[in-house]
Amino acid sequence: MKITTETNGPDAFVQVEGRIDTTNYNEFENAVNDVLNGSVKQMYLDCSGLNYISSSGLRIFLALQKKMMTTGGKLKLFAMQPSIREIFDISGFSSIFAIFPDKATALQA
Amino acid sequence: MEETQKNKTLVIRNDISELNRLVAFLEKLEEEWDLPPSVIPPVNLALEEALSNVIFYAFEKDTEHEIRLNFERRGTAMVVVVTDDGKPYDPTQKEDPNLHLSVEERPIGGLGIFLIRQVMNEVAYNRVGNKNQLTMVKTWNT
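Conventions used here
- Starting afresh in each chain, residues are numbered from 1 along the sequence in its written order.
- A letter from A marks each chain and a number from 1 marks each ligand, given out in the order of writing.
- Selection of residues for local features in this predicted model requires a pLDDT of at least 70, selection of side-chain atom pairs for listing and counting requires 80 or more, and totals for whole chains, interfaces and linings are taken over all residues.
- Comment: burial labels come from other C-beta atoms within 10 Å of the residue's own C-beta, placed from the backbone, where a count of 20 or more is buried, 12 or fewer is exposed, and between is partly exposed.
- Helix and strand assignments come from DSSP, with helices taken as H or I runs of at least 4 residues and strands as E runs of at least 2, each series counted from the N terminus.
- In this scheme, strands are said to pair when DSSP sees at least two bridges between them.
- Crossover handedness is defined here as right-handed if the route from the first strand over the helix to the second strand goes clockwise, with the strands pointing away from the viewer.
- Residues are scored as being in contact if the C-beta atoms we place from backbone atoms lie within 7 Å.
- To obtain an axis, a line is fitted to C-alpha atoms, over the contacting stretch when the element is a helix, and the angle between two such axes runs from 0 to 180 degrees between their N-to-C directions.

This part is about the pairing of strand 4 (residues 74-78) of chain A. All names here are of chain A. Within strand 4, four of the five residues are buried, leaving the element largely enclosed by the surrounding structure. In the sheet, strand 3 (residues 42-53) pairs with strand 4 via five bridges, with the strands oriented parallel. In the sheet register, Tyr-44 faces strand 4, and the bridge partner there is Lys-76. On the question of chirality, the crossover connecting strand 3 to the parallel strand 4 by way of helix 2 (residues 55-70) is right-handed. Taken together, the three bridges between strand 4 and strand 5 (residues 98-100) define a ladder with parallel strand orientation. Each residue of the ladder has a partner; that of Lys-76, found in strand 5, is Ala-98. Regarding topology, helix 3 (residues 82-90) serves as the crossover connection from strand 4 to the parallel strand 5, and that connection is right-handed.

As a further point, take the environment of Arg-21 of chain B. Inspection of the secondary structure assignment puts Arg-21 of chain B in helix 1 (residues 18-32). In this structure the C-alpha to C-alpha distance between Arg-21 of chain B and Asn-130 of chain B, which are 109 residues apart in sequence, comes to 26 Å.

So, on to the interface of chain A and chain B. Taken together, the 17 residues of chain A in the interface contact 21 residues of chain B. Looking at which element gives the most residues to the side of chain A that touches chain B, the answer is helix 2 of chain A, with eight residues.

Before going further, it helps to examine the sheet that holds strand 1 (residues 2-8) of chain A. Each strand in a sheet pairs with another by means of backbone hydrogen bonds, the pair being arranged parallel or else antiparallel. Residues and elements named next belong to chain A. Pairing in this open sheet of five strands is mixed, and the strands run 1-2-3-4-5 from one edge to the other. Bordering the open sheet on either side are strand 1 and strand 5, each of which pairs with just one other strand. When the angles between neighbouring strand axes are averaged without regard to direction, this sheet yields 20°. Helix-sheet contacts for helix 2 involve strand 2 (11-20), strand 3 and strand 4, and the interaxial angle to strand 4 is about 145°.

Remember, this is a structural readout, not a statement about activity or role.
Structure, rendered in structure tokens:
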């Protein structure tokens, strides 16, 4: 798994590539938590390189969404691979996350 | 059309890092058995969820156990059997999570076993002697 993060004032950009599973979900959790300082209002998560996720990874996404909502922030996921989108659909996650086809639409929303 | 039948076994330790070995094994299996791309990803996910449960909950702390995974291809079906000698536990009895709860209401856990049932075509549990046996089947069209 490869994670790249970038913060620009109230906007945080996170790109995750590879797998998030029970052996490495902590890494993902730490990376997104590190990015969330007091002034981040929007987090944009580039999922184009994410090719596998299990319940451990889904849990981190959910925890992140809960956290963003309690602080009045917005979490936006974009460019999800179809197989990952399917997992989000199956778990009912697609209705509780803001999911966009690409970065441009995520930024505009 | 001939019936292709193949059989392979992987034995892992009750250590979560063994999941990495499983991933490599499955990649090789996909190649060797010339499986369509729709087979291994759900099998991988179902196995990860099933094995995580076994590794975290089936055994006494700090004990070493073997978990046996048997893979069989029967034509256009992949049958996976997971056998462990841990505490009796039937994952098929677990209730489905409520998928319609809002973000605030959704509990953090409870998805693993549900996902197994969603991505595999058949899931069955048996207690055989002192062993848990979980059988999962993934089928495809050709």
